[in-house]
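Summary of structural features
Single-letter residue listing:
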Amino acid sequence: MNRRFPAFACFWLALWLMAAGCSRHELAGVEFVAQWGGEGSAPGKFYEPIGVALDAEGNVYIADAGNNRIQKFAEDGEFLTEWGKPGNGEGEFDRPIHLAVSSADLVYVPEYGNDRVQVFDRNGQFQFAWGQTGANAGEFDAPGAVYIDANGRVLVTDFYNHRIQIFEVQGKFLQEFGSEGHEFGKLYYPTDVAMDGEDILVADAYNHRIQKFDTTGKPLASWGRQGKAASEFEVANAIAVDRQHRIYVVDFDNHRVQAFDAAGKFLLQFGRQGSANGQFNHPTDIAIDAKKGIIYVADWGNHRIQKFRMMKR
């Protein structure tokens, strides 16, 4: 496969819950709120933004992959700061991807091209890094996403090594699981990872499915297949979980986001191909402000970030 990040959505109409019975916690739909960006390299512009993450204050961090930088915004899209440039030194990037922010406000940035994870404070000051090219423990072949769990463990998708690696907060290797394949429990180019309680959820992108594992890496469940219908994917590229344990999956080539309950039952979808508000051109990542019920989506092909609001019954 090409070393460039691979081919990996809101309607202005509210979308309805695909299930019988409602409660005040059920998701009735998603509505478009705002968007910002546009193609370019000036502050506030993007070229192929791939990752989006939030800190505890609701600030929005974007992995502006094509510009090899990180940009930080207030929740309303106001530009705050940026850091990074092309290269392989400290604070330099080669395709930063699905970043994450820890409870200590440290920004973890996996680099698809430099085979490492760099860590910064919330203002972009370099703190430390780990990783090098390879297939051994602690090495990477295109790390694509970082997730930091409630215990401070750092989970990293290792794209070409078809595995998940788990580290301590400072980068000390703890364990790994996964190997190349299409069978239950195997992975084929995983692109994102998240947790729902003690369960690890993996966006098994090119198997076009979501897989669930326990903390030891034992496979528990799987759903999805290739296609365009509900619960089907054309590259399941990114994943996020809200407070009600709903699982949101970015469906890259179907230009949409699908939402499921904790057991993988389809709830709803939003987005379609296009450049109007609420439409997508190959979305790549998603972040959820659980306190405010806000969803941010990296709209890769439209070079922008879109903001949505959950509507509850």
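You'll find the structure just up there.
Moving on, we get to the sheet that holds strand β10 (residues 143-148). Judged by pairing direction, the sheet is antiparallel, and its four strands sit side by side in the order β10-β11-β12-β13 without closing on themselves. Two strands in the sheet have a free side with no partner beyond their single neighbour: β10 and β13 (173-177). Going from strand to strand, the sheet's axes swing by 20° on average, the running direction of each strand aside. Here strand β12 (residues 163-167) runs beside β13; their pairing, made up of four bridges, is antiparallel. By the bridge assignment for β13, Ile-166 is matched with Gln-175.

A few words on the pattern of salt bridges. Applying the stated criterion across every chain yields a total of 18 salt bridges. For Arg-95, the salt bridge is made with Glu-48, and the minimal N-O distance between the two is 3.2 Å. Remark: Glu-48 occurs in the loop between β1 (27-37) and β2 (49-54) and Arg-95 occurs in the loop between β5 (79-83) and β6 (100-101); sequence separation between them is 47 residues. Glu-48 gets classed as buried once you look at its relative accessible area, which sits at 8%. Residues Arg-122 and Asp-105 are paired through a salt bridge, measuring 2.9 Å at the closest nitrogen-oxygen approach. Of this pair, Arg-122 sits in the loop between β8 (116-120) and β9 (126-130) while Asp-105 sits in the loop between β6 and β7 (107-111), and the two are 17 residues apart along the sequence. The same class applies to Arg-122 as to Asp-105, namely buried. Through salt bridges with shared partners, a single ionic network connects Asp-55, Glu-57, Asp-105 and Arg-122.

Thresholds applied
Residues numbered from 1 in each chain as written. Predicted model: local features only at pLDDT ≥ 70, side-chain atom pairs only at ≥ 80, totals over all residues. Heavy atoms only, no water. Pairing = 2+ DSSP bridges. Helix = DSSP H or I, 4+ residues; strand = E, 2+ residues; numbered from the N terminus. Axes fitted to C-alpha atoms, helices over the stretch in contact; angles between N-to-C directions. Salt bridge = Lys/Arg side-chain N within 4 Å of Asp/Glu carboxyl O. Buried < 20%, exposed > 50% of the residue type's maximum accessible area, 1.4 Å probe, protein only.

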